[in-house]
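The lines below spell out each chain.
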Number of protein chains: 2
Amino acid sequence: MPELHELRYSECEALLRAGVTGRVAFVEDGGRPVIVPVNYAVVGNAIVIRTSPYSLLGTHARNTPMAFEVDQFDYVNHRGWSVLARGTSKVIKHEDEIEEVRRVWEPQPWAGGSRSMWVRLRWDDLTGRRLGEGWDPLQGTPVRRSL
Amino acid sequence: MPELHELRYSECEALLRAGVTGRVAFVEDGGRPVIVPVNYAVVGNAIVIRTSPYSLLGTHARNTPMAFEVDQFDYVNHRGWSVLARGTSKVIKHEDEIEEVRRVWEPQPWAGGSRSMWVRLRWDDLTGRRLGEGWDPLQGTPVRRSL
(Lines give C-alpha, C1' and ligand atoms only; values in the text may rest on other atoms or scores of the structure.)
Protein backbone atom coordinates (compact mmCIF):
# COMPACT_ATOMS: atom_id res chain seq x y z
CA MET A 1 0.00 0.00 0.00
CA PRO A 2 1.43 3.42 -0.96
CA GLU A 3 2.74 5.63 1.80
CA LEU A 4 2.19 9.34 2.38
CA HIS A 5 5.23 11.51 1.67
CA GLU A 6 5.78 15.12 2.60
CA LEU A 7 6.14 17.39 -0.42
CA ARG A 8 9.08 19.76 -0.56
CA TYR A 9 8.34 23.47 -0.14
CA SER A 10 9.20 24.09 -3.81
CA GLU A 11 6.76 21.37 -4.90
CA CYS A 12 4.01 22.81 -2.70
CA GLU A 13 4.60 26.25 -4.17
CA ALA A 14 4.58 24.98 -7.76
CA LEU A 15 1.31 23.11 -7.23
CA LEU A 16 -0.26 26.09 -5.49
CA ARG A 17 0.80 28.46 -8.29
CA ALA A 18 -0.51 26.09 -10.96
CA GLY A 19 -4.00 25.79 -9.53
CA VAL A 20 -7.25 27.42 -10.59
CA THR A 21 -9.69 26.40 -7.86
CA GLY A 22 -9.20 25.68 -4.17
CA ARG A 23 -10.95 25.86 -0.84
CA VAL A 24 -10.59 28.39 1.90
CA ALA A 25 -11.45 27.68 5.54
CA PHE A 26 -12.07 30.25 8.24
CA VAL A 27 -13.81 30.38 11.59
CA GLU A 28 -17.19 31.96 12.16
CA ASP A 29 -18.19 33.71 15.35
CA GLY A 30 -18.81 30.95 17.84
CA GLY A 31 -15.77 28.98 16.74
CA ARG A 32 -17.33 26.94 13.93
CA PRO A 33 -15.15 26.42 10.88
CA VAL A 34 -16.50 26.80 7.36
CA ILE A 35 -15.08 25.72 3.96
CA VAL A 36 -15.77 27.71 0.79
CA PRO A 37 -14.62 26.69 -2.72
CA VAL A 38 -13.09 29.58 -4.70
CA ASN A 39 -11.30 30.56 -7.86
CA TYR A 40 -7.90 31.96 -7.03
CA ALA A 41 -4.48 32.96 -8.25
CA VAL A 42 -1.10 33.29 -6.62
CA VAL A 43 0.24 36.81 -7.11
CA GLY A 44 3.71 37.36 -5.74
CA ASN A 45 3.80 35.39 -2.53
CA ALA A 46 0.12 35.49 -1.72
CA ILE A 47 -3.12 33.78 -2.67
CA VAL A 48 -5.63 36.25 -4.11
CA ILE A 49 -9.37 35.64 -4.11
CA ARG A 50 -12.11 37.87 -5.45
CA THR A 51 -15.42 37.82 -3.65
CA SER A 52 -18.48 39.84 -2.74
CA PRO A 53 -18.27 41.90 0.46
CA TYR A 54 -21.69 40.44 1.33
CA SER A 55 -20.66 36.79 0.99
CA LEU A 56 -19.77 34.59 3.96
CA LEU A 57 -16.14 34.88 2.93
CA GLY A 58 -16.40 38.62 2.39
CA THR A 59 -17.82 39.28 5.84
CA HIS A 60 -15.00 37.28 7.49
CA ALA A 61 -12.04 38.28 5.34
CA ARG A 62 -10.53 41.09 7.39
CA ASN A 63 -7.43 40.00 9.32
CA THR A 64 -8.70 36.48 9.84
CA PRO A 65 -6.68 33.27 10.26
CA MET A 66 -7.33 31.22 7.14
CA ALA A 67 -6.38 27.90 5.63
CA PHE A 68 -6.30 27.37 1.87
CA GLU A 69 -6.21 23.92 0.31
CA VAL A 70 -5.72 22.51 -3.18
CA ASP A 71 -5.70 18.80 -3.96
CA GLN A 72 -6.05 16.22 -6.67
CA PHE A 73 -7.21 12.63 -6.39
CA ASP A 74 -6.57 9.91 -8.93
CA TYR A 75 -9.33 7.41 -8.19
CA VAL A 76 -8.08 4.84 -10.65
CA ASN A 77 -4.51 4.58 -9.41
CA HIS A 78 -5.18 5.61 -5.81
CA ARG A 79 -2.75 8.46 -6.07
CA GLY A 80 -3.19 11.94 -4.82
CA TRP A 81 -1.67 15.07 -3.42
CA SER A 82 -2.75 18.02 -1.34
CA VAL A 83 -1.20 21.36 -0.41
CA LEU A 84 -2.20 23.48 2.58
CA ALA A 85 -1.33 27.18 2.90
CA ARG A 86 -2.04 29.03 6.11
CA GLY A 87 -1.86 32.63 7.15
CA THR A 88 -3.90 35.71 7.95
CA SER A 89 -6.17 37.27 5.34
CA LYS A 90 -6.15 40.92 4.39
CA VAL A 91 -8.56 42.90 2.28
CA ILE A 92 -6.75 44.73 -0.53
CA LYS A 93 -7.99 48.30 -0.44
CA HIS A 94 -5.52 50.53 -2.24
CA GLU A 95 -6.24 50.94 -5.91
CA ASP A 96 -2.56 50.61 -6.81
CA GLU A 97 -2.40 47.25 -5.07
CA ILE A 98 -5.48 46.08 -6.92
CA GLU A 99 -3.87 47.27 -10.16
CA GLU A 100 -0.76 45.25 -9.29
CA VAL A 101 -2.90 42.14 -8.89
CA ARG A 102 -4.79 42.82 -12.09
CA ARG A 103 -1.58 43.05 -14.08
CA VAL A 104 -1.00 39.39 -13.17
CA TRP A 105 -4.52 38.11 -12.84
CA GLU A 106 -7.75 39.49 -14.15
CA PRO A 107 -10.14 36.95 -12.70
CA GLN A 108 -12.87 35.61 -14.89
CA PRO A 109 -15.28 34.37 -12.25
CA TRP A 110 -17.45 31.43 -13.22
CA ALA A 111 -20.46 32.80 -11.41
CA GLY A 112 -22.32 36.05 -11.96
CA GLY A 113 -22.73 38.72 -9.32
CA SER A 114 -20.64 41.57 -8.03
CA ARG A 115 -17.24 40.59 -6.69
CA SER A 116 -15.75 43.89 -5.72
CA MET A 117 -13.68 42.68 -2.78
CA TRP A 118 -10.14 41.41 -3.20
CA VAL A 119 -8.77 39.21 -0.43
CA ARG A 120 -5.10 38.39 -0.03
CA LEU A 121 -3.77 35.47 1.98
CA ARG A 122 -0.01 35.64 2.48
CA TRP A 123 1.01 32.23 3.73
CA ASP A 124 3.33 31.82 6.70
CA ASP A 125 3.04 28.05 6.50
CA LEU A 126 3.00 25.90 3.35
CA THR A 127 2.96 22.12 3.51
CA GLY A 128 1.82 19.28 1.31
CA ARG A 129 1.67 15.55 0.97
CA ARG A 130 1.57 13.06 -1.82
CA LEU A 131 0.42 9.50 -1.90
CA GLY A 132 2.65 7.04 -3.71
CA GLU A 133 5.89 7.42 -5.64
CA GLY A 134 7.12 7.37 -9.22
CA TRP A 135 4.81 10.04 -10.61
CA ASP A 136 4.83 13.82 -10.91
CA PRO A 137 1.98 15.61 -9.10
CA LEU A 138 2.22 18.58 -11.49
CA GLN A 139 1.49 16.24 -14.41
CA GLY A 140 -1.66 15.09 -12.67
CA THR A 141 -3.43 18.44 -12.60
CA PRO A 142 -6.48 18.49 -14.88
CA VAL A 143 -6.04 22.15 -15.64
CA ARG A 144 -3.18 24.49 -15.03
CA ARG A 145 -2.98 28.22 -14.77
CA SER A 146 -0.72 29.63 -17.48
CA LEU A 147 1.16 32.61 -16.06
CA MET B 1 -22.74 34.15 -16.95
CA PRO B 2 -24.18 31.28 -14.88
CA GLU B 3 -25.59 32.06 -11.48
CA LEU B 4 -25.10 30.25 -8.19
CA HIS B 5 -28.15 28.31 -6.99
CA GLU B 6 -28.77 26.81 -3.60
CA LEU B 7 -29.08 23.02 -3.68
CA ARG B 8 -32.07 21.41 -1.97
CA TYR B 9 -31.38 19.45 1.22
CA SER B 10 -32.15 16.18 -0.58
CA GLU B 11 -29.66 17.03 -3.33
CA CYS B 12 -26.97 17.90 -0.78
CA GLU B 13 -27.55 14.62 1.01
CA ALA B 14 -27.46 12.56 -2.21
CA LEU B 15 -24.18 14.18 -3.28
CA LEU B 16 -22.67 13.73 0.18
CA ARG B 17 -23.68 10.05 0.30
CA ALA B 18 -22.29 9.41 -3.18
CA GLY B 19 -18.83 10.77 -2.46
CA VAL B 20 -15.58 8.99 -1.76
CA THR B 21 -13.19 11.79 -0.82
CA GLY B 22 -13.78 15.12 0.88
CA ARG B 23 -12.12 17.67 3.11
CA VAL B 24 -12.56 18.26 6.80
CA ALA B 25 -11.76 21.56 8.51
CA PHE B 26 -11.25 22.10 12.20
CA VAL B 27 -9.60 24.68 14.42
CA GLU B 28 -6.26 24.18 16.10
CA ASP B 29 -5.37 25.62 19.48
CA GLY B 30 -4.77 29.30 18.86
CA GLY B 31 -7.76 29.61 16.54
CA ARG B 32 -6.08 28.69 13.25
CA PRO B 33 -8.18 26.58 10.91
CA VAL B 34 -6.75 23.58 9.06
CA ILE B 35 -8.07 21.57 6.09
CA VAL B 36 -7.33 17.85 5.70
CA PRO B 37 -8.39 15.70 2.71
CA VAL B 38 -9.91 12.37 3.71
CA ASN B 39 -11.64 9.23 2.48
CA TYR B 40 -15.08 8.97 4.01
CA ALA B 41 -18.47 7.35 3.97
CA VAL B 42 -21.89 8.41 5.15
CA VAL B 43 -23.26 5.83 7.60
CA GLY B 44 -26.77 6.52 8.78
CA ASN B 45 -26.91 10.26 9.22
CA ALA B 46 -23.24 10.88 9.89
CA ILE B 47 -19.97 11.23 8.03
CA VAL B 48 -17.46 8.59 9.13
CA ILE B 49 -13.71 9.03 8.74
CA ARG B 50 -10.98 6.62 9.74
CA THR B 51 -7.71 8.11 10.90
CA SER B 52 -4.70 7.61 13.13
CA PRO B 53 -5.00 8.84 16.72
CA TYR B 54 -1.60 10.47 16.19
CA SER B 55 -2.57 12.45 13.09
CA LEU B 56 -3.50 16.12 13.16
CA LEU B 57 -7.12 15.10 12.67
CA GLY B 58 -6.89 12.37 15.29
CA THR B 59 -5.57 14.68 17.96
CA HIS B 60 -8.40 17.19 17.34
CA ALA B 61 -11.32 14.85 16.74
CA ARG B 62 -12.92 14.72 20.19
CA ASN B 63 -16.05 16.88 20.43
CA THR B 64 -14.73 19.46 18.02
CA PRO B 65 -16.72 21.77 15.71
CA MET B 66 -15.96 20.59 12.18
CA ALA B 67 -16.84 21.43 8.61
CA PHE B 68 -16.82 18.80 5.88
CA GLU B 69 -16.84 19.70 2.20
CA VAL B 70 -17.23 17.81 -1.08
CA ASP B 71 -17.17 19.49 -4.47
CA GLN B 72 -16.73 18.95 -8.15
CA PHE B 73 -15.53 21.41 -10.78
CA ASP B 74 -16.08 21.09 -14.51
CA TYR B 75 -13.31 23.25 -15.94
CA VAL B 76 -14.47 22.90 -19.52
CA ASN B 77 -18.07 23.99 -19.06
CA HIS B 78 -17.48 26.20 -16.01
CA ARG B 79 -19.95 24.22 -13.97
CA GLY B 80 -19.58 23.02 -10.45
CA TRP B 81 -21.19 22.18 -7.17
CA SER B 82 -20.17 22.03 -3.53
CA VAL B 83 -21.79 20.67 -0.40
CA LEU B 84 -20.89 21.71 3.16
CA ALA B 85 -21.83 19.68 6.24
CA ARG B 86 -21.21 21.06 9.70
CA GLY B 87 -21.47 19.65 13.17
CA THR B 88 -19.48 18.40 16.13
CA SER B 89 -17.19 15.41 15.79
CA LYS B 90 -17.20 12.40 18.09
CA VAL B 91 -14.76 9.55 18.39
CA ILE B 92 -16.53 6.19 18.05
CA LYS B 93 -15.33 4.08 20.95
CA HIS B 94 -17.78 1.26 21.52
CA GLU B 95 -16.98 -1.88 19.58
CA ASP B 96 -20.64 -2.43 18.68
CA GLU B 97 -20.81 1.01 17.11
CA ILE B 98 -17.66 0.29 15.13
CA GLU B 99 -19.21 -2.99 14.01
CA GLU B 100 -22.30 -1.09 12.89
CA VAL B 101 -20.15 1.19 10.74
CA ARG B 102 -18.18 -1.75 9.36
CA ARG B 103 -21.34 -3.48 8.21
CA VAL B 104 -21.91 -0.53 5.89
CA TRP B 105 -18.37 0.57 5.19
CA GLU B 106 -15.12 -1.25 5.55
CA PRO B 107 -12.74 1.49 4.51
CA GLN B 108 -9.97 0.61 2.15
CA PRO B 109 -7.58 3.46 2.86
CA TRP B 110 -5.35 4.53 0.00
CA ALA B 111 -2.40 5.15 2.28
CA GLY B 112 -0.62 2.74 4.55
CA GLY B 113 -0.27 3.21 8.28
CA SER B 114 -2.40 2.42 11.29
CA ARG B 115 -5.84 4.03 11.25
CA SER B 116 -7.40 2.73 14.41
CA MET B 117 -9.53 5.77 15.21
CA TRP B 118 -13.05 6.18 13.87
CA VAL B 119 -14.43 9.70 13.81
CA ARG B 120 -18.11 10.48 13.32
CA LEU B 121 -19.46 13.84 12.24
CA ARG B 122 -23.22 14.09 12.60
CA TRP B 123 -24.21 17.16 10.67
CA ASP B 124 -26.63 19.71 12.11
CA ASP B 125 -26.28 21.90 9.04
CA LEU B 126 -26.14 20.76 5.40
CA THR B 127 -26.06 23.22 2.54
CA GLY B 128 -24.84 23.26 -1.03
CA ARG B 129 -24.61 25.32 -4.16
CA ARG B 130 -24.44 24.65 -7.85
CA LEU B 131 -23.24 26.81 -10.67
CA GLY B 132 -25.39 26.89 -13.76
CA GLU B 133 -28.58 25.12 -14.74
CA GLY B 134 -29.73 22.31 -17.02
CA TRP B 135 -27.43 19.58 -15.73
CA ASP B 136 -27.47 16.99 -12.94
CA PRO B 137 -24.70 17.36 -10.34
CA LEU B 138 -24.89 13.64 -9.50
CA GLN B 139 -24.08 12.80 -13.13
CA GLY B 140 -20.96 14.91 -12.90
CA THR B 141 -19.22 12.93 -10.16
CA PRO B 142 -16.13 11.14 -11.46
CA VAL B 143 -16.61 8.26 -9.03
CA ARG B 144 -19.52 7.28 -6.89
CA ARG B 145 -19.76 5.17 -3.80
CA SER B 146 -21.98 2.13 -4.42
CA LEU B 147 -23.93 1.41 -1.25
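Look up: the structure comes first, before these words.
Values in this document were obtained by computation on a predicted structure and should not be read as measured data.

**Description of helix α1 (residues 9-18) of chain B**
At step 1: Along α1 of chain B, the positions that sit buried rather than exposed are E11, C12, L15, L16 and A18 of chain B. Down the axis of α1 of chain B, the buried set is contained in an arc of 165°. They therefore lie on one face.

**Examining the interface of chain A and chain B**
At step 1: Across the contact, 44 residues belong to chain A and 44 residues belong to chain B.
At step 2: At the boundary of chain A with chain B, total buried surface from both sides reaches about 3,700 Å², with 65% on carbon and sulfur atoms.
At step 3: Linking chain A to chain B there are eight salt bridges.
At step 4: Of the charged contacts in the structure, one is a salt bridge between E69 of chain B and R23 of chain A, with a shortest N-O distance of 3.6 Å.
At step 5: There are eight residue pairs in polar contact (both at pLDDT 80 or more) connecting chain A and chain B.
At step 6: Mapped by element, the contributors of at least two residues to the side of chain A that touches chain B are β2 (21-27), β3 (33-39), β6 (65-74), β7 (79-92) and β8 (117-131) of chain A.
At step 7: Ranked by the residues each element gives to the side of chain A that touches chain B, the list is headed by β6 of chain A, at eight residues.
At step 8: Of the residues belonging to the side of chain A that touches chain B, the class tally is 25 nonpolar, seven polar and 12 charged.

**Structural notes on the pattern of salt bridges**
At step 1: One pass over the structure, following the stated rule, counts 18 salt bridges over all chains.
At step 2: Residue R86 of chain A is joined to E28 of chain B by a salt bridge in which the shortest nitrogen-to-oxygen separation is 2.7 Å. Pair noted here: R86 of chain A is in strand β7 and E28 of chain B is in the loop between β2 (21-27) and β3 (33-39), and the two residues belong to different chains.
At step 3: Between R120 of chain B and E97 of chain B there is a salt bridge; the shortest N-O distance is 2.6 Å. With a gap of 23 residues between them, R120 of chain B in strand β8 (residues 117-131) and E97 of chain B in helix α3 (residues 95-104) connect regions that are remote in the sequence.
At step 4: One network of salt bridges, in which partners are shared, links R23, E69 and D71 of chain A together with R23, E69 and D71 of chain B.

**Some remarks on the side chain of E69 of chain A**
At step 1: Take E69 of chain A: it is sitting in strand β6.
At step 2: Take E69 of chain A: its relative accessible area is 0%, and that puts it in the buried class.
At step 3: In this structure, E69 of chain A is in contact with G22, R23, S82, V83 and L84 of chain A together with R23, I35 and P37 of chain B, ignoring residues within four places of it in sequence.

**A few points about a negative patch on the surface**
At step 1: A cluster of like negative charges, contributed by E95, D96, E99 and E100 of chain A, occupies part of the molecular surface.
At step 2: Position of E100 of chain A among the secondary structure elements: in helix α3 (residues 95-104).

**Focus on the environment of N39 of chain B**
At step 1: Checked against the element boundaries, N39 of chain B lands in strand β3.
At step 2: For N39 of chain B and G22 of chain B, which are 17 residues apart along the polypeptide, the C-alpha to C-alpha distance reads 6.5 Å.

**Points about the pairing of β6 of chain A**
Residues and elements named next belong to chain A.
At step 1: Counting buried positions along β6 yields seven of 10 residues, so the element is predominantly enclosed.
At step 2: Of the pairings in the sheet, the one linking β2 to β6 comprises three bridges and is antiparallel in character. Pairing of R23 across the sheet is with E69, part of β6.
At step 3: Pairing analysis gives 10 bridges linking β6 to β7, with the strands arranged antiparallel. Looking at the pairing, P65 lines up with T88 of β7.
At step 4: Hairpin connection between β6 and β7: a loop of four residues separates the two successive antiparallel strands, and H78 in this loop has a positive phi of roughly 55°.

**A few points about the relation of the copies chain A and chain B**
Relating one copy of the chain to the other requires a rotation about an axis plus a shift along that axis.
At step 1: With an axial shift of 0.0 Å and an RMSD of 0.0 Å, the rotation relating chain A to chain B amounts to 180°. Overall, the copies show the geometry of a two-fold rotation axis.
At step 2: Here 100% of the contact residues of chain A are again contact residues in chain B; the copies associate through an equivalent surface.

The rules behind each value
Residues numbered from 1 in each chain as written. Chains lettered and ligands numbered in written order. Predicted model: local features only at pLDDT ≥ 70, side-chain atom pairs only at ≥ 80, totals over all residues. Heavy atoms only, no water. Buried < 20%, exposed > 50% of the residue type's maximum accessible area, 1.4 Å probe, protein only. Helix = DSSP H or I, 4+ residues; strand = E, 2+ residues; numbered from the N terminus. Arc of directions from axis to C-beta. Contact = heavy atoms within 4.5 Å. Buried area = accessible area lost by both parts, 1.4 Å probe. Salt bridge = Lys/Arg side-chain N within 4 Å of Asp/Glu carboxyl O. Polar contact = N/O pair within 3.5 Å; in protein donor to acceptor, adjacent residues only side chain to side chain. Nonpolar A, V, L, I, M, F, W, Y, C, P; charged D, E, K, R; others polar. Patch = residues over 30% accessible without salt bridge, like charges linked within 9 Å, V, L, I, M, F, W, Y side chains within 5 Å. Areas by Shrake-Rupley, 256 points an atom, 1.4 Å probe, with all protein chains shown as cover. Lys, Arg positive; Asp, Glu negative; His and termini not counted. Charge placed at Lys NZ, Arg CZ, Asp CG, Glu CD. Pairing = 2+ DSSP bridges. Least-squares fit on C-alpha atoms with pLDDT ≥ 70 in both.

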